[in-house]
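# Notes for the structure review
Chain residues, written in single-letter form:
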Amino acid sequence: AFDIDGVLQRGDIQLDAGMYAMKRLHDEHGNPKYPIAFLTNGGGHTEHERAEKLSRMFNIKVSDSQIVLSHTPMKYLADRYNSLKDTAVLCVGKRDCTRVARYYGFERPISSQDLGYIHSLATPLSQYPTVTSVDFAYTEADGHSVVFSEAFVKYVAHLHFSAVFVMHDSNDWGRDIQLICDIVAGEAKPSPAASTAAALLETETVASKKKNKKSKAAARAAAAAAAAAAHPNITVNVPLTQHIDPGIISDQTVDVYFSNPDFIWPNETIHPRLGQGAFRIALCAVYQELTGHPLKYEQFGKPNLIQYKEVRKRLEAQLKPNQRISSIFAVGDNPKADIRGANAAGNDFVSVLVKTGVHQDSDDLDPEERSPELELMDTPDLLVNTVADAVDFALEEHAKKVQAATST
């Protein structure tokens, strides 16, 4: 199981070691000779799109089912939020994240770009170009096309929100932090104009507020319980009673999910770039300062166990009859994500750390002060220079096991 960025490639440039590794593991026609999966904390596109990109870059055949992205397990939550009628989900990251959410089955997703454009007063410091109905079309090649009409996007933008999914790195931290704080700490929607808010207060009675809040809370609690029973591996927050005024918030009614905990990630530059983990820290700090309460959220992506369960499922699906998996070599470049996750995933996982990404040759494996438990979890079973060395080692170990089995 391979991480991608920092292992096989850096940014959009494939590493020579990555080319070598993929060539050794595939036949002359590009078909895999062994069960292979690609486990990345990247995202912002579908598994199909990532598989196509890897296939072109390394001249191999990669299928959708071999790809586990940071937000892949989020698809299991679609039914839960679809059951909350007249509510929407906010997708933060590249605009295409909304297309990915629709691909996963979410019925009423909207991007933070489109939400900010429609509620431009809520994000006065962000710049929005003139948008036409064509700009609300999200497309992808090879039959994975989703088109949202302008009317649909405007309809979704005025619904209350039941969840926020941070599916990729934000391209406008100020806009996205503002919108998320509005939605989570306010009335589950962007802050309206002052005149609109006054009109709403005049027309909505206290009794109707209480009735709507109770019915919505009951429906969400029931949906959360059903989701928990159907998907015990995913932790979800049970929505509580709705709150309005920042500063007196006791509980959240809008669920927040992050797909990638990585604080930094490698690209073509010398030093790694800030990632979604940094955005989460910034958002939590602003939310805490605004409300006086910590932001409650759920985290997907490595090193969380659900990512590795997805990998195991995909590797087992590639086995031939009477075959079984004896070892899963999990190759990555980030001790806190790849190594920690593999070490916690089971005894058949072999954690392998390479020096071509986040972890560099001069890095101490444990430069920070942390508990002995974390130090142990972040220490790889095998430390090598490149993914080429990792593949050579894995194939040698496999050959030894085959020889031992045939000689008995």
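Throughout what follows, the structure given in this document is the object of discussion. (Residues numbered from 1 in each chain as written. Predicted model: local features only at pLDDT ≥ 70, side-chain atom pairs only at ≥ 80, totals over all residues. Heavy atoms only, no water.)

## So, the overall build of the protein chain
To be explicit about the condition: Under the DSSP-based scheme used, a helix requires at least four consecutive residues in state H or I and a strand at least two consecutive residues in state E, with every element numbered from the N terminus. Burial classes follow relative accessibility: with a 1.4 Å probe on protein chains only, a residue under 20% of its type's maximum area counts as buried, one over 50% as exposed, and anything between as partly exposed. Only heavy atoms matter for contacts: two residues are in contact if any of them lie within 4.5 Å across the pair. Method for areas: the Shrake-Rupley scheme with a 1.4 Å probe, in which residue coverage is limited to the protein chains shown.
Of the regular secondary structure elements, the protein chain holds 14 helices and 16 strands. Taken over 408 residues, the protein chain has a buried fraction of 48%. Restricting the contact set of the protein chain to residue pairs at least 6 apart, pairs at least 24 apart contribute 71%. As displayed, the protein chain has an accessible area near 19400 Å², and 55% of this comes from carbon and sulfur atoms.

## Some remarks on the sheet that holds strand β13 (residues 298-299)
The cut-off we apply is this: For two strands to count as paired, DSSP must find a minimum of two bridges between them. Fitted lines through C-alpha atoms serve as axes, helices being fitted only where they are in contact, and the angles separating the N-to-C directions of these axes extend from 0 to 180 degrees.
Here five strands make up an open sheet; going across it, the order is β6-β5-β9-β10-β13 and the pairing parallel. With partners counted over all chains shown, the strands left at the sheet margins are β6 (109-111) and β13, one partner each. Its contacts with the sheet put helix α4 (residues 97-104) on β5 (87-92) and β6, and the angle it makes with β6 is roughly 165°. Against the sheet, helix α7 (residues 173-185) engages β5, β9 (160-166) and β10 (255-258), with an angle of about 140° to β9.

## Thoughts on helix α6 (residues 150-157)
Rule in force here: Directions drawn from the helix axis to the C-beta atoms are what define this arc.
Those residues of α6 that sit buried are V153, V156 and A157. The buried residues of α6 occupy one face: seen down the axis, they fall within an arc of 100°. Buried residues in α6 make contact with β5, β6, α5 (112-118) and β9.

## Some words on the pairing of β5
Using the following cut-off: Looking down the strands as they point away from you, a crossover is right-handed if its path from the first strand over the helix to the second goes clockwise.
Counting buried residues in β5 gives six out of six residues, a clear majority hidden from the surface. Residues T87, V89 and C91 of β5 are buried on one face, and the alternating residues A88, L90 and V92, pointing to the opposite face, are buried as well. Here β5 runs beside β9; their pairing, made up of six bridges, is parallel. Among the inter-strand pairings, C91 is bridged to a residue of β9, identified as F165. Sheet analysis places β5 next to β6, joined by three bridges and oriented parallel. The partner of C91 across the bridge, within β6, is S111. Read from β5 through α4 to β6, the crossover connection turns out right-handed.

## Concerning the side chain of R108
Condition: Side-chain atoms alone can form a polar contact between residues adjacent in sequence; in general such a contact is a pair of N or O atoms within 3.5 Å, and within protein one must be able to donate a hydrogen while the other accepts it.
Topologically, R108 is positioned in the loop between α4 and β6. Separated by 3.1 Å, the side chain of R108 and the backbone oxygen of L84 make a polar contact. At a separation of 2.6 Å, a polar atom in the side chain of R108 contacts the main-chain carbonyl oxygen of T87.

## Focus on the packing of aromatic side chains
Defined as follows: Note on aromatic pairs: the rings of Phe, Tyr and Trp (six-membered ring only in Trp) are paired at centre separations within 6.5 Å, and the planes decide the class, stacked below 30 degrees, edge-to-face beyond 60, tilted for the rest.
The full count for this structure, using the stated rule, is 13 aromatic pairs. Of the aromatic side chains, those joined through ring pairs into one cluster are Y81, F106, F165, Y257 and F300.

## Here we look at the pattern of salt bridges
To keep it simple, the criterion reads: Should a side-chain nitrogen of Lys or Arg be within 4 Å of a carboxyl oxygen of Asp or Glu, the pair is scored as a salt bridge.
This structure, assessed with the given rule, holds 17 salt bridges. Close ionic contact of D392 with R24 constitutes a salt bridge, the shortest N to O distance being 2.6 Å. You can see D392 sitting in helix α14 (residues 387-407) and its partner R24 sitting in helix α1 (residues 16-25), a full 368 residues away along the chain.

## Regarding the sheet that holds strand β15 (residues 349-353)
Strands sit in the order β14-β15-β16 across an open sheet of three strands; the sheet is parallel. The open sheet has two edge strands with one neighbour each: β14 (328-332) and β16 (382-383). Both β14 and β15 contribute to a ladder of five bridges, which runs parallel. Bridged to I328 within β15 is F349. Contacts from α14 reach β14, β15 and β16, with the element oriented near 170° to β14.

## Let's talk about the state of the cysteines
Quick reminder of the rule: We call a pair of cysteine sulfur atoms a disulfide whenever their separation is within 2.5 Å.
Under the defined criterion, the tally for this structure stands at zero disulfides. Left unpaired, C91 is separated from the closest cysteine sulfur, that of C97, by 6.8 Å.

## Brief notes about the packing of α1 against α14
Selection rule: In this scheme, roughly parallel covers angles under 35 degrees and roughly antiparallel covers those over 145, while 65 to 115 is roughly perpendicular and the rest are oblique. Under the grouping applied here, Gly and all other residues not named as nonpolar or charged are polar, the nonpolar ones being Ala, Val, Leu, Ile, Met, Phe, Trp, Tyr, Cys and Pro and the charged ones Asp, Glu, Lys and Arg.
In contact at an axis separation of 7 Å, α1 and α14 are set at 25° when each is read in the N-to-C sense. The angle between α1 and α14 falls in the class roughly parallel. On α14, the residues that touch A17, G18, Y20, A21, R24 and L25 of α1 are V387, A388, V391, D392 and L395. Here the contact of α1 with α14 is built from residues that sort into eight nonpolar, one polar and two charged.

## Digging into the packing of helix α11 (residues 305-317) against helix α12 (residues 335-345)
To keep it simple, the criterion reads: Should the near helix be turned anticlockwise from the far one by less than a right angle, the crossing is termed left-handed; should it be turned clockwise, right-handed.
Running from N to C, α11 and α12 point in directions that differ by 70°, and their axes come no closer than 9 Å. In terms of orientation, α11 lies roughly perpendicular with respect to α12. Relative to α12, the crossing made by α11 is right-handed. The residues of α12 that touch α11, namely those facing L305, Y308 and R312, are A337, D338, G341, A342, A344 and A345. Across the contact of α11 with α12, the residue classes tally to six nonpolar, one polar and two charged.

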